[in-house]
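Examination of the molecular architecture
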Amino acid sequence: MKRALYWILFLAGITLTTSFRKHRVIDSAKADKDTYSVYIIKSEYELKIYDQDGEWLASYPVVFGSKDLGDKLYQGDRRTPEGVFHITGKRKHAKWERFMLIDYPTAESYAKFNQRKALGLIPANAKIGGEIGIHGTVPYDDYAIDQYRNWTEGCISTKNKYVQELFEMLPVGTRVEIRR
């Protein structure tokens, strides 16, 4: 009897937390920079895709650099920057499957960096850093995503099959908002 109750509760939990909504077919050939928006929520370890009407299309699990999910302070701190960015380039990557570069640092990033430096929150000789992007994992290391193991130098990483989907779906210029 207890076992049946556990199964009922388990299935109820799955039903309540799973979306059974039929996903729309996404035609990436017709996509431009304004077709999709990407929202990365660090505290939820999630990357969400929305269409231009604000309708949710898909979610992907992601990991970052440092266990400290705070905003990037300077080069080498392994933190992922927060703010509004855009995809500026895409390329196949020998180590991480696909790589989509974002335009960090932006003018806002420099303003926060310089303010923190002036306040003495970061070392005087620190550099802001760059080369932040969305990419896959080392081959056969997708388990790092399943275990929410932060391992990057500040980038956003997801499973290789997911980064392939994102790479095909998202054109250069797509808006990417990263927040805690």
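Residues numbered from 1 in each chain as written. Predicted model: local features only at pLDDT ≥ 70, side-chain atom pairs only at ≥ 80, totals over all residues. Heavy atoms only, no water.

Here we look at the pairing of strand E8 (residues 175-179)
This is how it is decided: We call two strands paired when DSSP finds no fewer than two bridges between them. Only DSSP runs of H or I reaching four residues or more are called helices, and only runs of E reaching two or more are called strands; each is numbered from the N terminus.
Pairing analysis gives five bridges linking strand E1 (residues 36-41) to E8, with the strands arranged parallel. Across the sheet, the residue bridging to Ile40 is Ile178, located in E8. With four bridges joining them, strand E4 (residues 83-93) and E8 adopt antiparallel strand pairing. Opposite His86, over in E8, you have Arg175 as the bridge partner.

Remarks on the environment of Gly129
Selection criterion: Note on definitions: a residue-residue contact is assigned when non-hydrogen atoms from the two residues lie within 4.5 Å.
On the secondary structure map, Gly129 appears in the loop between helix H2 (107-118) and strand E6 (133-135). Each C-alpha atom, one on Gly129 and one on Tyr104, is 8.3 Å from the other, the two residues being 25 residues apart in sequence. Other than its neighbours up to four places away in sequence, Gly129 contacts Gln75, Tyr104 and Pro105.

Quick notes on the side chain of Glu177
The test is simple: The rule is simple: take the accessible area with a 1.4 Å probe, protein chains only, and divide by the maximum for that residue type; under 20% is buried, over 50% is exposed, in between is partly exposed. Counting of polar contacts relies on pairs of N or O atoms within 3.5 Å, with two restrictions inside protein: one atom must be capable of donating a hydrogen and the other of accepting it, and residues adjacent in sequence are counted only when both atoms are side-chain atoms.
Inspection of the secondary structure assignment puts Glu177 in strand E8. In this structure Glu177 comes out as buried when scored by relative accessible area, which is 17%. Within the structure, Glu177 has its side chain in polar contact with the side chain of Arg175 (distance 3.1 Å). A polar side-chain atom of Glu177 sits 3.2 Å from a polar atom in the side chain of Arg179.

Let's talk about the confidence of the model for the protein
We count it as follows: Known as pLDDT, the predictor's per-residue confidence is scaled from 0 to 100.
Residues with a pLDDT of 70 or more make up 84% of the protein, whose mean pLDDT is 88. A low-confidence stretch, residues 10-25 (pLDDT under 50), is modelled with ten contacts involving residues beyond four sequence positions or located in other chains.

Here's the deal with the packing of aromatic side chains
Quick reminder of the rule: Planes of paired rings set the category: under 30 degrees apart is stacked, over 60 is edge-to-face and the rest tilted, where pairs are Phe, Tyr or Trp rings (Trp by its six-membered ring) whose centres lie within 6.5 Å. Two limits define a charge over a ring: the Lys NZ or Arg CZ must be within 6 Å of the ring centre, and within 35 degrees of the ring normal.
Applying the stated rule across the entire model yields six aromatic pairs. Pairing Phe85 with Tyr104 gives two aromatic rings, centres 6.1 Å apart and planes at 70°, and the pair type is edge-to-face. Placement of the pair is Phe85 in strand E4 and Tyr104 in the loop between strand E5 (97-102) and H2, with a sequence separation of 19 residues. You can call Phe85 buried: its relative accessible area is 0%. The structure contains a cluster of three or more aromatic residues connected by ring pairs, namely Tyr45, Phe64 and Tyr148. Above the face of the Phe167 ring, Lys90 is positioned so that its terminal group lies 4.8 Å from the ring centre.

Some words on the nonpolar core
Put simply, the test is: We define a nonpolar core as any set of buried Ala, Val, Leu, Ile, Met, Phe, Trp, Tyr and Cys residues linked to one another through side-chain atoms lying within 4.5 Å.
Of all hydrophobic cores here, the largest spans 35 residues; its most connected members are Ile40, Leu47, Ile49, Tyr60 and Leu170. Of all the secondary structure elements, the ones that give two or more residues to this core are E1, strand E2 (46-51), strand E3 (56-61), E4, E5, helix H4 (160-169) and E8. Ranked by the residues each element gives to this core, the list is headed by H4, at five residues. Among residues more than four places away in sequence, those in contact with Ile49 are Tyr36, Ser37, Val38, Glu55, Trp56, Leu57, Ala58, Tyr60, Leu166, Met169 and Leu170.

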